[in-house]
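The chain contents come next:
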Amino acid sequence: MPTITEVPDFNTLKEDGNKLFKEGRISEALDVYTKALGIVDIKDGDKAVIFKNRAACHLKTEDYQSVIDDCTSSLEIIPNDPKALYRRCQAYENLGKVEDAYKDAAAIIKVDPQNTAVQPILKRLNPIIQEKVKQQNSTSAKVSQMFELVFDPKTDKEQRLQACNNLIVLARDEAGAKSICETSGLEKLLQLLQEKDAEINQAAIRTLSCLTAENQERSYLVVEKIGLPRMMTFMTVKHEGLCTSTALLLQNLITAISGMSEYRKKVQHYHDERKSGNPCRYPKFELNERQTEFVDNVFKGLVKMLQSNKVSGYGRDSAMELIIKNMLRNDGVQWSRKFLDTDGIEGLLTIASAIPQHETCTIEITENSKYHASVALAKIYDDLLSDKERDLFREQCSAFFKDLFGDSLFESKVEAIKCISSLLQGPYEVGNIILGFDGVTQIMLALANSENPMHQQVAVEAIVHSASKKDKCAGLLNDAVPVLKKLYQESIDAVKVRALVGLCKLGSFGGSDASHRPMQDGSTLALAKACRKFLNDPNKSVDLRRWGTEGLAYLTLDAEVKEELINDSGALRSLIDVVAKADKNILYPAASVFVNLTNSYEKPDIMPEMIELAKYSKQHVPEDHEKDKPEHVKERVHKLAKAGVVTALVAIATTDSPNTREQISRVFSAITTEEDLRGIVVQQGGAKTLVDLSTKNNTDAGKIFASWSLARITITANPETTFPGQRIYEVVRPLISLLHIDRTALQNFEALLALTNLASLNDSLRKKILAEKGLSSIEHYMTEDHEMLKRAATECMCNMVMNEEVVKTFEGDNDRLKLMVLYCGEEDELVVRAATGALAMMTHNEKICKKVLEVNQWQEILLSTVVSENMEIQHRGCFVLKNLLSVDKETAEKVIEGQMLEVLMALSIQEDPKKEVVKKCAATCLEICVEHGLIKPKE
């Protein structure tokens with residue numbers, strides 16, 4: 001007989017959830033309440049109660065949006081329920097939505113005038129609301145004034161634009177945004193969009209962007225009043241600024257209407273909970289019917305723009321950027337799979353194959369279009385989940401190329417080779433499959449050997465990109481070497497520099513291994529010199545200088561090339577200069593050059609025993625070059641930093657490519673290793689960039705390197721001036737992410753030192769560390785065997801206990817306080833100093849004092865602190881005694897038992913002027929004993 005699983009009823013689940021909540025097992029209580037809501041025949045009243053209870057759980061985990069959602073669901077069933085209103089009010093206040101919080105608080109008072117819990121909230125919010133009303137009235141007048149100026153026929157163009165720009169500023173503020181929407185502002189902005197002036201149109205679009213930023217209600221209103229088709233029309237024009245501004249508006253609409261920003265917060269909360277060891281479910285990203293309709297309409301419009309001959313090159317680029325930002329399943333509105341059901345792949349391949357010089361080319365592109373197409377194709381392919389989906393992607397790509405190669409037009413074959421370059425820069429695996437088609441290699445080499453410079457250029461680019469993977473470097477590229485050498489010697493610059501990069505790839509086949517040289521001696525240096533020549537010549541186009549940079553990206557794996565480049569100040573300046581001027585294609589090669597110069601690339605850890613074994617078995621063993629030793633690397637890092645590389649890194653960091661951002665993070669890490677260079681990083685804007693690199697759009701390794709650099713800067717610089725305003729709070733999370741078992745001891749140590757520095761500044765930062773679950777990590781390292789880690793963690797905890805919430809954790813039924821007392825008796829003087837400091841602050845609390853007396857040998861430990869030769873420890877020990885003596889007479893009697901009283905008396909009369917603070921503290925201890933009647937006053 002099969003076993004019958006008993007399904008728990010509603011009441012059982014409710015009671016279990018309540019019990020778990022009282023016990024502090026919040027995550028488990030959440031699961032139980034969620035199960036209770038899943039029961040089909042649950043009554044409305046019961047459902048309202050569970051929604052309220054689940055909201056209480058979310059309040060504990062600080063998931064305020066979920067609190068609002070659950071309380072709203074409860075209030076839909078039982079309107080004006082005080083508990084639901086109160087919890088939602090708290091959540092609104094924590095999210096900074098003071099007006100909504102005030103409305104709920106006022107509703108509670110209406111229903112329950114005697115409610116005392118809500119009174120403090122009302123008292124806090126009332127002056128804020130009054131100020132907002134005052135501000136709103138002032139802002140409304142400004143909005144009206146700006147619109148009057150814009151539409152006044154007497155106003156000239158410059159004044160109109162200034163008034164439009166003022167509207168943008170007003171729209172960024174919540175009061176201004178409300179005022180615009182409430183005073184027919186959207187209708188007026190629509191009028192501005194109907195004018196035939198791109199600058200006025202752009203100002204109106206930018207105002208709409210500010211109105212819609214993270215506001216779903218206003219976003220729906222803008223779509224309703226302006227219309228999605230009208231907005232997307234502005235992405236077709238030949239005006240780069242207008243296309244970019246429209247793309248930003250569409251992105252704001254997608255983010256706000258889909259609820260993507262709230263979803264990302266839930267994902268972050270999920271990761272935080274997992275790090276803390278709390279089991280929780282990964283949040284689902286689900287769209288309702290209205291949201292789905294809007295997102296689908298945007299998607300269809302963008303896909304149409306890819307191949308439309310009515311769209312400008314700028315508009316096509318903006319469309320691809322939006323596609324790239326929103327396609328991912330885990331961090332977007334999940335467009336990647338939809339591409340396979342449309343002609344989206346064909347559209348991207350059409351852009352990748354476009355050659356404006358051909359009469360058959362019907363679409364306009366920019367220098368960046370092929371780069372965007374490559375990135376989009378790579379992102380789509382990487383995001384596909386199943387073999388079936390990837391097979392469909394490959395089939396669509398194969399069909400596109402078969403059409404081009406099967407076409408009787410010679411231009412189609414040239415376009416196909418051009419497109420292969422983009423695929424090889426994107427989904428390399430798919431590009432390699434196309435490269436394997438019969439006759440493709442022969443066509444490529446034939447084009448390279450032709451007399452047409454444009455055909456040569458297309459072919460050489462394809463040859464170069466076909467060897468992007470090192471394991472392929474000896475294949476096609478080796479066969480094409482004679483062609484590359486010929487083109488390098490005889491062709492025009494545009495072809496010559498590309499052939500040069502192909503030769504550079506061959507020259508870099510051995511990587512940084514000094515014992516492996518695929519080319520004859522001197523060839524690598526000669527190639528590097530040629531690359532520097534292209535880079536150094538200001539008369540060369542940006543494109544030629546970009547290719548020169550790409551060649552160096554391969555050759556600078558060679559230590560001799562590194563030394564020549566770092567000593568060529570003109571080439572370094574040119575490299576830094578070209579980063580700011582060139583297109584996005586240069587960013588990764590430039591970052592790679594900087595990584596190679598600083599030796600910050602990833603190196604495998606090889607055990608010495610394995611090296612000896614390899615030598616014994618006559619296997620090849622990689623060797624470091626003499627000029628790649630630490631002293632040479634350090635010198636190169638200093639020269640690079642002084643040449644202004646930080647400025648270049650800040651510029652490159654604007655890229656959306658996680659791999660490029662990782663390279664930048666590695667270089668920053670190499671620079672901040674040198675303490676005397678950290679000031680340069682801060683002065684040239686590196687600190688702000690590092691905060692961004694440590695949290696957004698970076699690989700896991702990249703985030704670690706960026707966080708490590710932040711830790712080093714925070715240790716040596718004043719954090720309040722280095723990270724002004726709110727940015728200082730953004731540093732906390734990256735530092736806590738470094739406190740992990742998978743990080744090195746040095747990374748953990750420097751993260752602890754940085755957190756110690758932050759925790760010493762103010763209570764807001766201590767609260768932030770606490771909110772980011774940093775306390776448990778700090779506590780973990782206090783118990784480490786590693787002496788330096790234990791010391792750093794204890795010093796950090798010494799600063800953290802200045803926060804009352806942290807002190808409460810020591811009051812509970814645990815061994816936290818016991819450990820701190822025991823550390824006061826350690827041999828390591830710095831650990832003792834930190835522990836006695838923490839104890840001196842915590843023993844202001846009576847409960848803590850009582851717990852101190854429960855620790856075995858507490859008297860001996862405290863006695864060792866007051867007789868310490870270190871004056872700081874001695875003073876802190878006396879301070880602990882003063883706090884213990886102040887509790888009550890019974891505690892004081894225990895404290896002065898044994899030798900303690902004699903020691904205090906001796907300290908109170910010692911004559912060393914340097915120990916005056918110790919003398920005074922000891923005297924105070926004796927005065928307290930007198931007050932308790934334990935000793936007689938001194939006559």
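Residues numbered from 1 in each chain as written. Predicted model: local features only at pLDDT ≥ 70, side-chain atom pairs only at ≥ 80, totals over all residues. Heavy atoms only, no water.

**Here we look at the overall build of the chain**
- Looking only at helices and strands, one finds 55 helices and 0 strands in the chain.
- In terms of overall dimensions, the chain has C-alpha extents of about 110 × 85 × 75 Å along its principal axes.
- With 939 residues in all, the chain has 52% of them scored as buried.
- Across the chain, the fraction of contacts at a sequence separation of at least 24, relative to all contacts at a separation of at least 6, is 68%.
- If you sum the accessible surface of the chain, you get close to 44500 Å²; carbon and sulfur atoms cover 49% of it. (Helix = DSSP H or I, 4+ residues; strand = E, 2+ residues; numbered from the N terminus. Buried < 20%, exposed > 50% of the residue type's maximum accessible area, 1.4 Å probe, protein only. Contact = heavy atoms within 4.5 Å. Areas by Shrake-Rupley, 256 points an atom, 1.4 Å probe, with all protein chains shown as cover.)

**With respect to the packing of aromatic side chains**
- By the definition in use, this model includes 5 aromatic pairs.
- Judged by centre distance (5.4 Å) and plane angle (45°), the rings of Phe299 and Trp335 are tilted. In this pair, Phe299 sits in helix H16 (residues 289-307) while Trp335 sits in the loop between helix H17 (313-326) and helix H18 (336-339), placing the two residues 36 residues apart along the sequence. For the pair Phe299 and Trp335, a shared accessibility class is recorded, and that class is buried.
- Considering the side-chain rings of Phe299 and Phe339, the 5.3 Å spacing of their centres and the 80° angle between planes classify their relative orientation as edge-to-face. Here Phe299 is found in helix H16, whereas its partner Phe339 is found in helix H18, with 40 residues between them in sequence.
- What makes Phe299 buried here is its relative accessible area of 4%.
- Judged by relative accessible area, Phe339 falls into the buried class, the value being 0%.
- Each residue in the set Phe299, Trp335 and Phe339 is aromatic and connected to the rest through ring pairs, giving one cluster.
- One cation-aromatic arrangement involves Arg290 over Tyr220; the distance from NZ or CZ to the ring centre is 3.5 Å.
- Its end group placed over the ring of Phe879, Lys882 keeps NZ or CZ at 4.7 Å from the ring centre. (Phe/Tyr/Trp six-rings, centres within 6.5 Å; stacked < 30°, edge-to-face > 60°. Lys NZ or Arg CZ within 6 Å of the ring centre and 35° of its normal.)

**Section: the environment of Cys243**
- In this structure, Cys243 sits in helix H14 (residues 240-258).
- Assessed through its relative accessible area of 0%, Cys243 is described here as buried.
- Once the C-alpha coordinates of Cys243 and Ala319 are considered, the two residues, 76 residues apart in sequence, prove to be 9.0 Å apart.
- When residues no more than four places from it in sequence are discounted, the contact partners of Cys243 are Phe234, Met235, Val237, Ser312, Tyr314, Gly315 and Ser318.

**Describing the packing of helix H39 (residues 700-716) against helix H43 (residues 745-759)**
- At a closest axis distance of 8 Å, the pairing of H39 and H43 adopts a crossing angle of 50°. Considering the angle they form, H39 stands oblique to H43. The two elements H39 and H43 meet at a crossing, and its hand is left-handed. Residues Ile704, Trp708, Ala711, Arg712, Thr714 and Ile715 of H39 lie in contact with H43, whose contacting residues are Leu746, Gln747, Glu750, Ala751, Leu753, Ala754, Asn757 and Leu758.
- Across the contact of H39 with H43, the residue classes tally to 9 nonpolar, 3 polar and 2 charged. (Axes fitted to C-alpha atoms, helices over the stretch in contact; angles between N-to-C directions. Parallel < 35°, antiparallel > 145°, perpendicular 65-115°, else oblique. Left-handed = near helix turned anticlockwise from the far one by under 90°. Nonpolar A, V, L, I, M, F, W, Y, C, P; charged D, E, K, R; others polar.)

**Details of the state of the cysteines**
- This structure, assessed with the given rule, holds 0 disulfides.
- Between Cys181, a cysteine without a disulfide, and Cys210, which holds the nearest cysteine sulfur, the sulfur-to-sulfur distance is 12 Å.
- The thiol sulfur of Cys824 is not disulfide-bonded, and the nearest other cysteine sulfur, from Cys798, lies at 9.9 Å.
- Among the residues examined, Cys824 registers a relative accessible area of 2% and is labelled buried. (Disulfide = S-S within 2.5 Å.)

**Considerations on the pattern of salt bridges**
- A complete count under the given rule lists 47 salt bridges for this structure.
- Note that Arg498 and Glu461 form a salt bridge whose closest N and O atoms lie 2.8 Å from each other. Highlighted residues: Arg498 in helix H27 (residues 493-507) and Glu461 in helix H25 (residues 453-466), separated in sequence by 37 residues. You'll find Arg498 and Glu461 in the same group, each marked buried.
- With a closest N to O distance of 2.9 Å, Glu772 and Arg733 form a salt bridge. Note that Glu772 is positioned in the loop between helix H44 (763-771) and helix H45 (774-782) and Arg733 in helix H42 (residues 732-738), a separation of 39 residues in sequence.
- Assessed through its relative accessible area of 11%, Glu772 is described here as buried.
- Judged by its relative accessible area of 29%, Arg733 falls in the partly exposed class. (Salt bridge = Lys/Arg side-chain N within 4 Å of Asp/Glu carboxyl O.)

**Considerations on the confidence of the model for the chain**
- Averaged over every residue, the pLDDT of the chain is 85; residues scoring 70 or more account for 91%.
- Low confidence marks residues 470-474, where pLDDT is under 50. Its contacts with residues over four positions away, or in another chain, come to 12 contacts. (pLDDT = per-residue confidence, 0-100.)

**Topic: the side chain of Asn252**
- If you trace the backbone, Asn252 turns up in helix H14.
- Of the residues examined, Asn252 reaches a relative accessible area of 16% and is grouped as buried.
- Aside from chain neighbours lying at most four places away, what touches Asn252 is Ser209, Thr212, Ala213 and Ser219.

**A short note on unusual backbone geometry**
- Unusually for a residue other than glycine, Asn80 sits at a positive phi of about 65°.
- Structurally, the position occupied by Asn80 is in the loop between helix H4 (64-77) and helix H5 (82-94).
- Positive phi values are uncommon outside glycine, yet Ser184 reaches one of about 60°.
- With respect to the helices and strands, the residue Ser184 is situated in the loop between helix H9 (174-182) and helix H10 (185-193).
- Exposure remark for Ser184: the relative accessible area of 40% places this residue in the partly exposed category.

**Here's the deal with the packing of helix H11 (residues 198-212) against helix H12 (residues 216-226)**
- Remark: H11 packs on H12, axes separated minimally by 8 Å, with the N-to-C direction vectors making an angle of 145°. On H12, the residues touching Leu208, Leu211 and Thr212 of H11 are Arg218, Ser219, Val222 and Ile226.
- Here the residues of the contact of H11 with H12 sort into 4 nonpolar, 2 polar and 1 charged.

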